[in-house]
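In case you want the letters, here they are:
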Amino acid sequence: MEKAADRGYDEVYIRKIVNVGDDTLVQIDFGDGRIKEYDLVEMDMVDHGYASTVHKSQGLEFSTVIINLQCAHYVMLTRPLVYTAITRGKNKVIIVGERRAMCTAIKRTDTDKRGTCLAKRMQDIINSKE
């Protein structure tokens, strides 16, 4: 599987490390215009984190995945989409949100019946070449 960094997500850089007296400051550029300085005690609290959509995460894997399921996202609550989200996690998957949203997603398998008319279009193309 592809790693998240290979997909062009914003990268975080340590821009400089400065000794000020007995203290050390680390300047971090978060890649989105935010630059913040941390002392060494605060650096213990800094950890990498990423956010993405399920669609963009297809083919990727992450150590831990947190999935937010809300009834407000009704259109997206489908079994295949939740399955894709869950299978992105290698070690841990945490699902937060509404229990009813999860139940809705599990019950909705109607996404297999899409209204694209693809079969008819393909048949029309085949018939037009005969």
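Scroll up a little and you will see the structure.
Fair warning: this is a prediction, and the values are worked out from it, not measured in the lab.

## Looking at helix H2 (residues 79-86)
By the burial criterion, the buried members of H2 are Leu81, Val82, Thr84 and Ala85. For H2, the buried positions fall inside an angular range of 155° around the axis, keeping them on one side. Looking at the packing, one finds that the buried side of H2 touches strand E4 (62-69), strand E5 (89-97) and helix H3 (99-107).

## Let's talk about the environment of Tyr13
Structurally, Tyr13 is set in strand E1 (residues 13-20). In sequence terms Tyr13 and Ile35 are 22 residues apart; their C-alpha atoms lie 9.5 Å from each other. Leaving out residues up to four positions away in the same chain, Tyr13 has contacts with Gln27, Ile28 and Asp29.

## Focus on the pattern of salt bridges
According to the stated counting rule, one finds two salt bridges in the structure shown. Where Arg15 meets Asp29, a salt bridge forms, and the shortest distance between an N and an O atom there is 3.2 Å. Of this pair, Arg15 sits in strand E1 while Asp29 sits in strand E2 (residues 23-29); the two residues are 14 residues apart in sequence, bridging distant segments of the chain. A residue is classified by how much of its surface remains accessible, and Arg15, at 49% relative accessible area, is partly exposed. Classification of Asp29 as buried rests on a relative accessible area of 13%.

## Focus on the layout of surface pockets
There is about 570 Å³ of room inside the largest pocket. What lines the largest pocket is a set of 22 residues, and nearest its centre among them are Ser52, Thr53, Val54, Ile66 and Ile67. Elements that contribute at least two residues to the lining of the largest pocket include exactly E4 and H2. Class assignment of the residues belonging to the lining of the largest pocket gives a composition of 13 nonpolar, eight polar and one charged.

## Some thoughts on the side chain of Gln27
Along the chain, Gln27 falls in strand E2. Excluding residues that lie within four positions of it along the chain, Gln27 makes contacts with Tyr13, Ile14, Arg15, Lys16, Ile35, Lys36 and Glu37.

## Topic: the nonpolar core
One broad rule of soluble globular proteins: the nonpolar side chains tend to lie buried together. Ranked by size, the top nonpolar core spans twelve residues in total: Leu60, Phe62, Val65, Ile67, Leu69, Cys71, Leu77, Val82, Ala85, Ala101, Met102 and Ala105. Listed by contribution, the elements that provide at least two residues to this core are E4, H2 and H3. When residues of this core are assigned to their parent elements, the largest contribution, four residues, is made by E4.

## A word on the sheet that holds strand E3 (residues 35-39)
Spatially, the three strands line up as an open sheet ordered E1-E2-E3, and their pairing is antiparallel. Either end of the sheet is taken by a strand with one partner, and the two such strands are E1 and E3. Across the sheet, the mean angle separating the axes of adjacent strands is 20° when strand polarity is ignored. Of the pairings in the sheet, the one linking E2 to E3 comprises five bridges and is antiparallel in character. Note that in E3 the partner of Ile28 across the bridge is Lys36.

## Describing the pairing of E2
Looking along a regular strand, one sees side chains alternate from face to face of the sheet. Counting buried residues in E2 gives five out of seven residues, a clear majority hidden from the surface. One ladder, built from seven bridges, connects E1 with E2; its direction is antiparallel. Directly across from Ile14, in E2, lies its bridge partner Ile28. Between E1 and E2, which pair antiparallel in sequence order, lie two residues; one of them, Gly21, sits at a positive phi of approximately 65°. Counting the residues between successive antiparallel strands, the hairpin from E2 to E3 contains five residues, one of them, Gly31, with a positive phi of roughly 80°.

Rules used throughout
Residues numbered from 1 in each chain as written. Predicted model: local features only at pLDDT ≥ 70, side-chain atom pairs only at ≥ 80, totals over all residues. Heavy atoms only, no water. Buried < 20%, exposed > 50% of the residue type's maximum accessible area, 1.4 Å probe, protein only. Helix = DSSP H or I, 4+ residues; strand = E, 2+ residues; numbered from the N terminus. Arc of directions from axis to C-beta. Contact = heavy atoms within 4.5 Å. Salt bridge = Lys/Arg side-chain N within 4 Å of Asp/Glu carboxyl O. 1 Å grid on protein atoms, 1.4 Å probe; cavity = no way out; pocket = protein on both sides within 12 Å on 5 of 7 lines; lining within 4 Å. Points joined across faces, edges and corners; volume = space filled by probe spheres on them. Nonpolar A, V, L, I, M, F, W, Y, C, P; charged D, E, K, R; others polar. Core = buried A, V, L, I, M, F, W, Y, C linked by side-chain atoms within 4.5 Å. Pairing = 2+ DSSP bridges. Axes fitted to C-alpha atoms, helices over the stretch in contact; angles between N-to-C directions.

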